[in-house]
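# Structure assessment
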Amino acid sequence: ILRKHYGKVVVNFGEPILLEDLLGQHAPDWREQGIAPEDKPAWLNPLVDDASRRIMVNINRAADVNPVNLLALALLSTPKHAMSEVDLLSQLALSKKLLSKLPYSDRVTVTPLRPEQIVEYGEKIGVLVRTRHPMGDVISVEGETAVLQSYYRNNSVHLFAAASWVACCFQNNRRMSRSGVLRLGRMIYPFIQHELFLPWSADAFAERLDRTIDVFVEEGLLHVASEEEGGILARGPGQTDEVFRLRAIAHSLQQAFERYFITIAILVKNGPGTLSSGELENLCHLTAQRLSLLYAPAAPEFFDRSLFRGFILKLREMELVWLGPESRLMFDERMGTWATDAKVILGRELRHTIMTIPPETAKKA
């Protein structure tokens, strides 16, 4: 075991968080309060929550993107965790270009290896399997290795949040306005920010989306079909290389975005005052589980109850939903707009499945 090659260790340091500054923000007079060791002042829990959030944000700002991260992001985006060598090299190059043109922070470090060297490195440490073929070699991760690679993918997925959102908008749509991509991105941002501990304001995220679109256009993944509405964007038809690359970029966060819109679609379908938070959570969990069985296999987090619970709590925190009589969830016409927008992310099959699951399912399970 000790003679095996496991790669290199990289240590990055995040921005320091000064406790005195946090105390100054949450309890400016804490020195004069004379707090006994057993006391628990009202400001303590908010301070701990703020500190924990800042720690996670700063960890993400100091990420190291190593060859295995990039290989996992690319290969786990395909149903069989395999790509032709040509496609894999192209996807690795695109990932590196997005990281260099849209830097996440000045503390993020990225492997200097070229795509060919990344593949060579993956083979050297036993992560990749190469299958020789007359029409071009196929590179894959297999079995238990593929499961383990999800850890490395998840370490870097936040770095591609903007790119993944833009790409997701074009999975079920050939054309979409730039303003529409930005508007929906602003709507979805508080939830993905909460889940991935992203550092930007909604305005800064929208600006990042705008710059991401420009990179996609430069790379030929999208093109400007019309100048209306700030520019109508379009992707290529069918199974072109550009569509394949967009799908691979979208995949890392597509199921997270689908989770959000599944919740909205189920809530609106059943109407205000119908479901409790627990019933909605259960119905979302069962629906996502069924979708995974009917269509593409999903990662376990796709139907993780706690993630649905967190999304529902965020909806309540933002006062998009609230408790009505008998603790039933109430909402207004804003949810109807969300449900309409769900068509952008949820494919026809997913929408059909959601519409055919009765609310009684939540009570029976």
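Conventions and cut-offs
- Residues numbered from 1 in each chain as written.
- Predicted model: local features only at pLDDT ≥ 70, side-chain atom pairs only at ≥ 80, totals over all residues.
- Heavy atoms only, no water.
- Helix = DSSP H or I, 4+ residues; strand = E, 2+ residues; numbered from the N terminus.
- Expected span 1.5 Å × (residues − 1).
- Buried < 20%, exposed > 50% of the residue type's maximum accessible area, 1.4 Å probe, protein only.
- Pairing = 2+ DSSP bridges.
- Axes fitted to C-alpha atoms, helices over the stretch in contact; angles between N-to-C directions.
- Salt bridge = Lys/Arg side-chain N within 4 Å of Asp/Glu carboxyl O.
- pLDDT = per-residue confidence, 0-100.
- Phe/Tyr/Trp six-rings, centres within 6.5 Å; stacked < 30°, edge-to-face > 60°.
- Polar contact = N/O pair within 3.5 Å; in protein donor to acceptor, adjacent residues only side chain to side chain.
- Contact = heavy atoms within 4.5 Å.
- Patch = residues over 30% accessible without salt bridge, like charges linked within 9 Å, V, L, I, M, F, W, Y side chains within 5 Å.
- Areas by Shrake-Rupley, 256 points an atom, 1.4 Å probe, with all protein chains shown as cover.

## So, helix 4 (residues 85–101)
For helix 4, which comprises 17 residues, the first-to-last C-alpha distance of 24 Å matches the rise-based estimate of 24 Å (1.5 Å per residue) to within 8%. Looking only at helix 4, the buried set comprises Leu88, Leu89, Gln91, Leu92, Leu94, Ser95, Leu98 and Leu99.

## Here we look at the sheet that holds strand 2 (residues 82–84)
Within the open sheet, the three strands sit side by side as 2-5-4. Their pairing is antiparallel. What marks the edges here is a single partner per strand, and that holds for strand 2 and strand 4 (129–131). Between one strand axis and the next, the sheet turns through 25° on average, direction left out of account. Sheet topology places strand 4 next to strand 5 (residues 138–140); three bridges connect them, and they run antiparallel. Its bridge partner being in strand 5, Val129 is matched across the sheet by Ser140.

## Re the pattern of salt bridges
Opposite charge on two side chains lets them pair, provided their charged atoms get close. Taken as a whole and judged by the stated rule, the model has 19 salt bridges. Its salt-bridge partner being Arg186, residue Asp203 comes within 2.5 Å of it at the nearest N-O pair. Highlighted residues: Asp203 in helix 9 (residues 202–218) and Arg186 in helix 8 (residues 178–196), separated in sequence by 17 residues. Among the salt bridges present, the one from Arg309 reaches Glu281, with a minimum N-O distance of 2.9 Å. Note that Arg309 is positioned in helix 12 (residues 305–317) and Glu281 in helix 11 (residues 277–294), a separation of 28 residues in sequence. Exposure remark for Arg309: the relative accessible area of 38% places this residue in the partly exposed category.

## Focus: the confidence of the model for the protein chain
In low-pLDDT segments, the atomic positions of the prediction should not be examined closely. Summing up the model confidence of the protein chain, the mean pLDDT is 89 and the portion of residues at 70 or higher is 96%. Within the protein chain, helix 15 (residues 360–364) has the poorest average pLDDT of any element, 54, and strand 3 (residues 109–110) the best, 97.

## Quick notes on the packing of aromatic side chains
A full pass over the atoms with the stated rule returns eleven aromatic pairs. For the pair Trp165 and Phe257, a centre-to-centre distance of 5.0 Å together with 80° between the ring planes defines the contact as edge-to-face. One end of the pair, Trp165, is in helix 7 (residues 161–168); the other, Phe257, is in helix 10 (residues 241–270), with 92 residues separating them in the sequence. In terms of burial, Trp165 and Phe257 fall into one category: buried. Pairwise contacts between aromatic rings join Trp165, Phe191, Phe257, Tyr260, Phe261, Phe311 and Trp338 into one cluster.

## Looking at the side chain of Asn173
Structurally, the position occupied by Asn173 is in the loop between helix 7 and strand 6 (175–177). At 3.0 Å, the side chain of Asn173 forms a polar contact with the backbone oxygen of Val344. Aside from chain neighbours lying at most four places away, what touches Asn173 is Arg235 and Val344.

## Some words on helix 7
In terms of residue burial, helix 7 counts as a mostly covered element, since eight of its eight residues are buried. Every buried residue of helix 7 is accounted for by Ala161, Ala162, Ala163, Ser164, Trp165, Val166, Ala167 and Cys168.

## Looking at the sheet that holds strand 6
As summarised here, the arrangement of the three strands in space is 6-8-7, forming an open sheet in which the pairing is antiparallel. Whereas interior strands pair on both sides, the edge strands pair on one side only; in this sheet they are strand 6 and strand 7 (223–226). In this sheet, neighbouring strand axes are inclined to one another by 40° on average, regardless of whether the strands run parallel or antiparallel. Note that strand 6 and strand 8 (residues 232–234) share three bridges and pair antiparallel. Opposite Arg175, over in strand 8, you have Ala234 as the bridge partner. Taken strand by strand, helix 8 contacts strand 6 and strand 8, and its axis lies near 70° from that of strand 6.

## Topic: a nonpolar patch on the surface
A cluster of nonpolar side chains, Ile17, Ile55, Met56 and Ile59, forms an exposed patch at the surface whose accessible area comes to about 310 Å². Within the fold, Ile55 resides in helix 2 (residues 44–61). Given a relative accessible area of 43%, Ile55 falls into the partly exposed group.

## Quick word on unusual backbone geometry
With a phi close to 60°, Glu319 is a non-glycine residue in the positive phi region. Counting through the fold element by element, Glu319 comes out in the loop between helix 12 and strand 9 (322–323). Of note, the phi angle at Glu326 is positive, near 60°, even though the residue is not glycine. Looking at the element boundaries, Glu326 is found in the loop between strand 9 and strand 10 (329–330). On the accessibility criterion, Glu326 (71% relative accessible area) is exposed.

## Focus on the environment of Leu320
Locating Leu320 in the fold gives a position in the loop between helix 12 and strand 9. The class of Leu320 is buried, set by a relative accessible area of 8%. In this structure, the C-alpha to C-alpha distance between Leu320 and Met330, residues ten residues apart in sequence, is 8.6 Å. Setting aside its immediate chain neighbours within four residues, Leu320 contacts Phe191, Leu315, Met330, Phe331, Arg334 and Met335.

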